[in-house]
Amino acid sequence: MHESITLNLTGNSTVLSVNYFPSLNVYEDSEIALLSLQTCNSFPNIINPTNNRLRIKSIPPDRIAKIQFFVPVECRDIEDINKYMVEELSQVNKVYGTKLTFSVRIDPVDFRTYIKCNGILNFEHPYSIAPVFGYRKKVCGPFHEEHRSDKAANLNTINSIKVMCNIAHGSFNNQLQSHSIYEFFPSGRRGTKVVQSPVNLIYYRLNKTDINSITVQLVDQNNNPIDNFNETLTVVLHIKRHGSHH
């Protein structure tokens, strides 16, 4: 029977699982806390599979009337999206003989975007990139002069990152019970080191005393899985008896 255990989980995913044989036996009053978390900040903060599609219709219709672009999740800001669109349209125009143009920039003061496009933008379809640009889901354009967005761009779809542990309980997400044991937000720029080492540890009761496996997962504020593009994630957990200082 273990009074105190430190567990280290490492892998190139935001879901870390480990099996124990023989299983770890702990006391009924044991509890668990996050000691540390380390990774690299490659978390997507703009583009995801629900908002990555941009459709443009040429005027007048060319050989190819409608084009749909799938903006890659690697795009981290409006400048990245603009660069991607310039490169993609260059290829499209070369292959199909079209003359489509598109550019987007952001106002650093109020974060509204300015779009210039000589085609019709279909923003009303599912998975549209419209919310990222601060536009309502509608058909609009062409914009031969820069057109200001309806509202500020949505540049951050992740408000917080939760560390979930399947053997922990005692936390709540709104009215629902949760397996969350820690929550943070990566404030550094893309590519910077993320190190979380709580000063005041918060322990949660375990839902089992015979531990044959543990799964730790990072999710966003809506409990959606988060991708960190194969960056190494290391999570260190501590299990101890309630009231114990060790």
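Right, let's walk through the structure included here. (Residues numbered from 1 in each chain as written. Predicted model: local features only at pLDDT ≥ 70, side-chain atom pairs only at ≥ 80, totals over all residues. Heavy atoms only, no water.)

With that settled, the discussion passes to the sheet that holds strand β7 (residues 113-117). Strands sit in the order β6-β7-β10 across an open sheet of three strands; the sheet is antiparallel. The open sheet has two free edges, formed respectively by β6 (102-106) and β10 (143-148), since each of these has just one partner strand. For this sheet, the mean angle separating the axes of adjacent strands, direction not counted, is 10°. Bridge count between β7 and β10: three bridges; the pairing is antiparallel. From the neighbouring strand, Ile-115 faces β10, where its bridge partner is His-147. Here helix α1 (residues 78-96) sits on the sheet and contacts β6 and β7; the angle it forms with β6, its principal contact strand, is near 170°. (Pairing = 2+ DSSP bridges. Helix = DSSP H or I, 4+ residues; strand = E, 2+ residues; numbered from the N terminus. Axes fitted to C-alpha atoms, helices over the stretch in contact; angles between N-to-C directions. Contact = heavy atoms within 4.5 Å.)

A few words on α1. For α1, spanning 19 residues, the distance from its first C-alpha to its last is 26 Å, which sits close to the expected 27 Å at 1.5 Å a residue. Those residues of α1 that sit buried are Ile-78, Ile-81, Asn-82, Tyr-84, Met-85, Leu-89, Val-92 and Asn-93. Each buried residue of α1 lies within a common arc of 160° when the element is viewed along its axis, so the set occupies one face. Exposed side of α1, more than 90 degrees from the buried face: Lys-83, Lys-94 and Val-95 are the residues found there. On its buried face, α1 is in contact with β4 (53-57), β5 (66-70), β6, β7 and α2 (130-133). (Expected span 1.5 Å × (residues − 1). Buried < 20%, exposed > 50% of the residue type's maximum accessible area, 1.4 Å probe, protein only. Arc of directions from axis to C-beta.)

This model, assessed by the stated rule, comprises seven salt bridges. Between Lys-240 and Glu-31 there is a salt bridge whose closest N-O contact spans 2.8 Å. Here the residue Lys-240 occupies a position in strand β19 (residues 233-241), and Glu-31 occupies one in strand β3 (residues 30-40), the gap between them amounting to 209 residues. Accessibility assignment for this pair places Lys-240 and Glu-31 in one class, buried. Of the charged contacts, one joins Asp-150 and Arg-136 as a salt bridge, the two residues approaching to 3.7 Å between their closest N and O atoms. In this pair, Asp-150 is assigned in the loop between β10 and β11 (161-165) and Arg-136 in the loop between α2 and β9 (139-140), connecting sequence segments 14 residues apart. Taken together, the salt bridges that share partners define one network made up of Glu-3, Asp-29 and Arg-241. (Salt bridge = Lys/Arg side-chain N within 4 Å of Asp/Glu carboxyl O.)

Turning to the sheet that holds strand β2 (residues 15-25), a few remarks are in order. If you trace the four strands from one edge of the open sheet to the other, you get β2-β18-β11-β15, paired in antiparallel fashion. Because the sheet does not close on itself, it has two edges, and the strands there are β2 and β15 (180-184). On average, each strand axis in the sheet is tilted by 15° relative to the strand beside it, whichever way the strands run. One ladder, built from five bridges, connects β11 with strand β18 (residues 210-220); its direction is antiparallel. In the strand pairing of β18, Met-164 is matched with Gln-217.

Once that is clear, we can look at unusual backbone geometry. Following Phe-21, the chain continues to Pro-22 via a peptide bond in cis, the omega torsion being 0°. With respect to the secondary-structure elements, Pro-22 resides in strand β2. The omega angle of the peptide bond from Gly-141 to Pro-142 is 5°, so this bond is cis rather than trans. Among the structural elements, Pro-142 can be located in the loop between β9 and β10. With a phi close to 55°, Phe-229 is a non-glycine residue in the positive phi region. Structurally, Phe-229 is set in the loop between β18 and β19.

Our next topic: the packing of aromatic side chains. In the structure shown here, the tally under the stated rule is five aromatic pairs. Aromatic side chains Phe-102 and Phe-133 sit 6.3 Å apart centroid to centroid with 35° between the ring planes, which places their arrangement in the tilted category. Here Phe-133 lies in helix α2 and Phe-102 lies in strand β6, a separation of 31 residues in the sequence. Across this residue pair, the class does not change: Phe-102 and Phe-133 are buried. By the ring-pair criterion, three or more aromatic residues cluster together here, those being Phe-102, Phe-123, Phe-133, Tyr-135 and Phe-143. Positioned above the aromatic ring of Tyr-203 is the side chain of Lys-240, whose terminal nitrogen or guanidinium carbon lies 4.4 Å from the ring centre. Over the ring of Tyr-27 we find Arg-241; its NZ or CZ atom is 3.8 Å from the centre of that ring. (Phe/Tyr/Trp six-rings, centres within 6.5 Å; stacked < 30°, edge-to-face > 60°. Lys NZ or Arg CZ within 6 Å of the ring centre and 35° of its normal.)

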